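Coordinate inspection notes
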Amino acid sequence: MPDRPMPAFPELDTQAYWDATKDKKLIYQQCSACNTVVFTPRAHCTGCGSDNLKTLQSKGEGTVYTFSVVRQNRQPAFAEMGAYSIAYIDLDEGFRMLSTVVGVKDPTTDIEVGMRVKVDFERQDSSEYLVPVFRPA
Amino acid sequence: MAQERLAAIVGLYEWPKRKDPGVSAMQIKAASIKHALDDAGLSWKDVDAVYDAGDGEGGGLGAVAAYLGLRPNVIDTTQVGGSSYEFHAAHATRAIQEGKCKVAVLSYGSKAATQRIPIGTGGGRAGGSWSTNMEAPYGMTLIANYAMVAQRHMAQYGTTSAQLAEISVATRHHAMRNPQAVQALHDMAVQNIGELTVADVLESRMIADPLHLLECCLVTDGGGAVIIASPEVARTTKKKPVWILGSGEALSYVTNTGDITTSAAAQSAPTAFGQAGVKPSEIDIAMIYDSFSITVAVMLEDLGFCKKGEAGAYIEGGRLRYDRPGAPALNTDGGGLSSNHPGMRGIFLLMEAARQLRGESTSQVPNAKLAVAHGNGGFLGSLHSGGTIILGAD
Ligand SMILES: [Zn+2]
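Each chain carries its own residue numbering, running from 1 in the direction its sequence is written. Throughout, the order in which chains and ligands are written sets their labels, letters from A for the former and numbers from 1 for the latter. Owing to the predicted nature of the model, reporting of local features is limited to residues with pLDDT of at least 70; listing and counting of side-chain atom pairs is limited to 80 or more, with chain, interface and lining totals taken over all residues. Hydrogen atoms and water are omitted, and side-chain values are computed over all heavy atoms in the structure.

With that settled, the discussion passes to the packing of helix α5 (residues 142-157) of chain B against helix α11 (residues 293-302) of chain B. How two helices sit against one another is set out by the angle between their axes and by the gap between those axes. All names here are of chain B. Working convention: axes come from line fits to C-alpha atoms, limited for helices to the stretch in contact. Angles between N-to-C directions cover 0 to 180 degrees. Elements are defined by DSSP. Helices are runs of H or I of four residues or more, strands are runs of E of two residues or more, and each kind is numbered from the N terminus. Contact geometry for α5 and α11: axes closest at 9 Å, N-to-C directions at 55°. Comparing their axes, α11 and α5 come out oblique. The crossing of α5 and α11 is left-handed. Of the residues in α11, those in contact with Tyr146, Val149, Ala150 and His153 of α5 are Ile294, Thr295, Val298 and Glu301. Looking at the contact of α5 with α11, its residues break down into five nonpolar, two polar and one charged. For this classification, under 35 degrees means roughly parallel, over 145 means roughly antiparallel, 65 to 115 means roughly perpendicular, and everything else is oblique. Take the far helix as your reference; a near helix turned counterclockwise from it by less than a right angle gives a left-handed crossing, and one turned clockwise gives a right-handed crossing. By the convention used here, residues are in contact when the closest approach between their heavy atoms is within 4.5 Å. Under this grouping Gly is polar, as are all residues other than the nonpolar Ala, Val, Leu, Ile, Met, Phe, Trp, Tyr, Cys and Pro and the charged Asp, Glu, Lys and Arg.

Here the focus is the coordination of the zinc ion. Residues and elements named next belong to chain A. Each metal site is built from N, O and S donor atoms within 2.8 Å (3.2 Å for Na, K and Ca), and since water is not included, such sites may look incomplete. In this structure, Cys31 (SG), Cys34 (SG), Cys45 (SG) and Cys48 (SG) serve as the protein donors to the zinc ion, at separations of 2.3 to 2.4 Å. Geometry is assigned from the angles between donors: four donors with all angles from 85 to 135 degrees make a tetrahedral site, four or six donors whose opposite pairs exceed 155 degrees while the rest stay between 65 and 115 make square planar or octahedral sites respectively, and everything else is labelled irregular. Each of the four donor atoms bound to the zinc ion contributes to angles spanning 104 to 115°, and the resulting shape is tetrahedral. Along the chain, the residues donating to the zinc ion fall in the pattern C-x2-C-x10-C-x2-C. For Cys45, a relative accessible area of 1% translates into the label buried. Of the residues examined, Cys48 reaches a relative accessible area of 44% and is grouped as partly exposed. For each residue, the accessible area found with a 1.4 Å probe, counting protein chains only, is set against the maximum for its type, and the residue is called buried under 20%, exposed over 50%, and partly exposed in between.

The subject of this paragraph is the confidence of the model for chain B. Low pLDDT marks regions whose predicted coordinates should not be analysed in detail. For every residue, the predictor assigns a confidence score, pLDDT, that lies between 0 and 100. Predicted confidence across chain B gives a mean pLDDT of 95, with 98% of residues reaching 70 or more. Predicted complex, confidence summary: ipTM 0.95, pTM 0.96.

Residues and elements named next belong to chain A. Note on aromatic contacts: the rings of Phe and Tyr and the six-membered ring of Trp form a pair at centre separations within 6.5 Å, being stacked when their planes are under 30 degrees apart, edge-to-face when over 60 apart, and tilted otherwise. For the coordinates displayed, the defined rule picks out 11 aromatic pairs over all chains. Judged by centre distance (5.2 Å) and plane angle (50°), the rings of Phe9 and Tyr129 are tilted. Placement of Phe9 in the segment before α1 (15-21) and of Tyr129 in the loop between β7 (116-122) and β8 (131-136) is noted, with a sequence separation of 120 residues between them. Accessibility expressed as a relative area gives 25% for Phe9, which makes it partly exposed. Judged by its relative accessible area of 8%, Tyr129 is buried. When the ring of Trp18 is compared with that of Tyr129, the centres are 6.4 Å apart and the planes differ by 70°; the resulting orientation is edge-to-face. In this pair, Trp18 sits in helix α1 while Tyr129 sits in the loop between β7 and β8, placing the two residues 111 residues apart along the sequence. Both residues of the pair, Trp18 and Tyr129, count as buried.

Here you go:
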């Protein structure tokens, strides 16, 4: 199967996030000034504008906020995949990320809003970065 | 509150063909502007403001003005997706109020059908930015993004696919009364042309769960133009003016704890209704961006026609048809679901609202006085825009 489309660099906000995937780490940010959880990665706090952000490692455990199952995508990498899910996952640390739920028998029937999931890292053939995906917990 | 007549739609033209290999997007714009000026009884030289989202061949940098051969005093190339034209109408109204211009044209042209642009099924998008780098690996198509809103709406409020299907059924009913829409269904090789049932919608192919094919808009060619004029000019034009009474603009996007079932309309609509001094219950015509069934359901709630979470029950029983009392008539031209969707259909919302208030619709609501046009652009489940325009007849 062809690789998933991968992030392109240089890109200053998301470099550290993707670097961390090489060590199977899911990272997020929190503002040291006002405690706002910041995601997707940025250089400033979305709550107060401060640039004093700390980087934290997520346990990778969360809940499916919502999802869809894509039956048709004309892009080659996905055209070969068959029906696949996309989902917003609410991580327990308080951030919401776009990802996919894998490791279910049939994505059209086996995924539910509210189900508990845990992160996994999917290796690609031609990229040093791993892709965070989620499996039923 | 007294309604203030801020500016008026005085001319309009909708490109009649949905598949038109023999014309360019820029030609659609230029010809549509001429027709819309004729509709108003105004001339090419009267135009002193151009609003255009920069689509079409070589259309960036405000190039449409050069292509037209105009030298407008006001140029606005706001591009916020499908709702760009509600934003343009809002901006034109303000520019007219400031005295910067008197006759503004809004233009649109697209060859999405001829060029076979995969608008709904073309994700994931290429990487390289703060946002695309976080989305690219997952293959989130536009349809799937909207579908995630539907999935959450169903889980949170118990909304059903059968309820959402009513939106497709009502808009098809209107399309079958509109000869251009019927022709479009033929030109787009739509399989079952005719009235739809809820069962037809539910039996159509699943594209991205829970959205079925017949809950997704067409991909067509098309375009058109709208002329917005000052109140002084509007009193001299050919057709009766359709007054712009209020406007609102907003963006919304995914946040860590936000409610994905609430759209930018929840911010833009109160602004527009407030300025107009109009209540949602007074609205006769609801022109709501129907890229997908769920788009309409969410916006009926956010525009204030029903409470959040109650759209499913609200739309049951064909309530949004033009000939049913108790609710506004929805997308009486057939909408994006059954008439045309060249990519950014916001301009058609203004046009059909104006036709209704003029008494020219093919699904005319008798004595229609007040309309809302609400455009939605981008990705409803993440970054999207909402533009609300309240329109009134004398
Ligand atoms: Zn902060």
